Structures are given as structure tokens and as C-alpha cells.
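Summary of structural features
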Amino acid sequence: MKNNLFFTVLFSCVLILFSCNPDCDSLVGLQLSSTLNPSGYEVVISADPPSSLQGRRIFFNDSEVETTFVDGHGIKVKVPEGISGNVELRIEDPDCVDFVSFDYTVVGESFFNDNPEYIFPPTPEIIIPNVPADFPPSIENAWLHPINVDYCFWFKFLPDTLGHCTKFIDPINSFEQSTCGSADRLYSNNPLSGRVEPDGSVFVTVNRPGGTEDFTGLLINPADVPEIYHGWQELVCDNTPVSASWDASFKNRDFMMLLTSKSTGRQLLIYQQGVPRAPIDCL
């Protein structure tokens, strides 16, 4: 009788300890940075708080993937090779018989080409930004995508009564555009509006013929950006290099901006490119 009572009490204590194990708490506010990607592209899984994701195992179908926990953000994983179409992204708790799953779509890289829903060039790596120590002396001018340098945000700002730049983007003279001036691009001459705050926070709306796309982001420290986006890339228009018209002093990508689309969750990385003789009205 005493033995039975001992085992009953012991079993009850085990149940209490298991139910009180913080590692078995349900995930709250679970989100994915994107619900589709090509193989080799990264996705961030976030929760509230992000620390609740520490130690979780991630699977795409039956393939477990390597995880990187990023403090304050969540888990960063890469879509594995050799899968396509609709798959199950599963988040498992190794301490409990518990998991959460999402439907995930693995597409080909060509999915993003000339797709009206995904106009700007995608980047395979998820960038975790930090605010830089130094801001650019002026936001005005061209900001280019570091891989597809034909993709450009051209910023100009509304001046105040003294001619100094305000924080508001000039919607008449600011554009998402082709650096080469190509008229057949989905990003050709689409007006920009929004503002850039003194703390480096950026709020931009791209006004395209098919609708608007809103972005939020900030000026970031280039040291937080993968090395692949640091190297100089020559601008070629109509199969002709035009780098001779670019001032060599601007070949260092000293200033970068990271924007996130509010409609797709995808990141847009652009860097400041000074172009000689380009007018800068607000100083």
C-alpha cells in the first residue's frame, strides 16, 4: 500500500514537473518572414517572445535543417535543396511531444522574374540589421540594388522655405526606376512617397500602375550585410559598360538601407551610389 502510494505521488510529481516545464509552453505570435522561397533562400521564424523558439527543431517535410537562433528575432533557417512545391514546415519541441506546422511553398528562382507581386530583386539571405554609427550626409540621389544594379530608388526631398531638405520624400521627383533608363521594366518610373526620420527609420510607398507597395526599414550598418553584397559591380546598359561615368570615389558601399515589404515580407537591400553631375537640391 505504501509502495503504491509512493509511486502515485512520484507519478503526480512527474506530471506536475512536466506541465510546469517552461520548454513545453505553447508558442505565441508565431510568424514566418515569407511563406514561399526557392531552395537555398532563408526564412526567419519569429514568436513572442523570440526566446521561446530557442532549442526548437525545424523540418521541411522530413528533412531537418540547421537552425541559427538570432537574439531578439527568432530562428533563421535555409530552405533545403531537392524539394519543391507545397511542403510542410514543422517546428518541433524536443522536450515535449509537440509540434506546430505551416504550409510552405518552394518555388524556382525564376518565380520572381517579371512577377507583378514581387517586383524588386530578392536576396537569398535574411539580413538582421543594426543602426550604423554614421548616416550618409544626404539621402538624396541613387540607391541601387547590390546585385541587380539596374534596380534603383531615386530619392529627392521636399525643401523647407530656406531650401533645406525636410524629412518628406518628394513624390513628384522620386522614383523606383531602371538605372539604365529602360522603359520595359516593371520597376520603371514608379513614383515614391514617404519620409526618412532623423533616427534613420524609413517609410516608403511605391506607387505602381497595378497598386501600391509599402515598405518600412532603416539605414543599416554595412558590417551586418553578407560579404557578397559589398563588392563593386559594373553597370552595363545595352551590353555596354558605363562605369566610366561613375565616380570611382563612390565605389565603396559605405551606406546601405534595408527595407521590408509590408505585403510580401521580403527584404529589399539598396546602397547609396553617387552619380557625377546629378543635382542635389536640398543641402
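Refer to the structure printed above.
Everything in this summary refers to the structure shown in the same document.

**Remarks on the nonpolar core**
Judged by nonpolar contacts, the single largest core of 21 residues is most densely connected at Phe 153, Phe 155 and Met 257. Mapped onto this core, the elements with two or more residues apiece are strand 11 (151-155), strand 15 (190-196), strand 16 (201-208), strand 17 (211-220), strand 20 (256-261) and strand 21 (267-273). With residues up to four places along the chain from it excluded, the contact list for Phe 153 reads Asn 141, Ala 142, Trp 143, Phe 175, Glu 176, Leu 192, Val 204, Val 206, Leu 259, Leu 268 and Ile 270.

**Quick notes on the state of the cysteines**
In total, this model carries one disulfide according to the counting rule given. There is a disulfide in this structure between Cys 180 and Cys 237, and the S-S distance comes to 1.9 Å. Across the S-S bond linking Cys 180 and Cys 237, the dihedral sits near -80°, which makes this disulfide left-handed. With Cys 180 in the loop between strand 14 (175-178) and strand 15 and Cys 237 in strand 18 (residues 236-237), this pair connects stretches of sequence that are 57 residues apart. Using a relative accessible area of 26% as the deciding quantity, one classes Cys 180 as partly exposed.

**With respect to the pattern of salt bridges**
Summed over the entire model, instances satisfying the criterion amount to eleven salt bridges. One salt bridge in this structure joins Glu 64 and Arg 57, with 2.8 Å as the shortest N-O distance. By relative accessible area, which is 43% here, Glu 64 ends up partly exposed. Using a relative accessible area of 33% as the deciding quantity, one classes Arg 57 as partly exposed. In this structure, Arg 90 engages Glu 88 in a salt bridge whose closest nitrogen and oxygen atoms are separated by 3.0 Å. Classification of Glu 88 as partly exposed rests on a relative accessible area of 27%.

**Side note on the environment of Glu 125**
Mapped onto the secondary structure, Glu 125 falls in the loop between strand 9 (98-106) and strand 10 (141-144). Residue classification places Glu 125 among the partly exposed residues on the basis of a relative accessible area of 23%. Placed 48 residues apart in sequence, Glu 125 and Val 77 show a C-alpha to C-alpha distance of 9.8 Å. Not counting residues within four places of it along the chain, the set of residues in contact with Glu 125 comprises Glu 42, Pro 226, Ile 228, Tyr 229 and Gln 267. A distance of 2.4 Å separates a polar atom in the side chain of Glu 125 from a polar atom in the side chain of Tyr 229.

**Looking at the sheet that holds strand 1 (residues 31-32)**
The four strands are arranged 1-3-7-6 in an open sheet whose pairing can be described as antiparallel. The two strands at the open ends of the sheet, each matched to only one other strand, are strand 1 and strand 6 (67-70). Bridge count for strand 1 against strand 3 (residues 42-46) is two bridges, and the pairing is antiparallel. In the strand pairing of strand 3, Gln 31 is matched with Ser 46.

So, how was this worked out
Residues numbered from 1 in each chain as written. Predicted model: local features only at pLDDT ≥ 70, side-chain atom pairs only at ≥ 80, totals over all residues. Heavy atoms only, no water. Core = buried A, V, L, I, M, F, W, Y, C linked by side-chain atoms within 4.5 Å. Buried < 20%, exposed > 50% of the residue type's maximum accessible area, 1.4 Å probe, protein only. Helix = DSSP H or I, 4+ residues; strand = E, 2+ residues; numbered from the N terminus. Contact = heavy atoms within 4.5 Å. Disulfide = S-S within 2.5 Å. Salt bridge = Lys/Arg side-chain N within 4 Å of Asp/Glu carboxyl O. Polar contact = N/O pair within 3.5 Å; in protein donor to acceptor, adjacent residues only side chain to side chain. Pairing = 2+ DSSP bridges.

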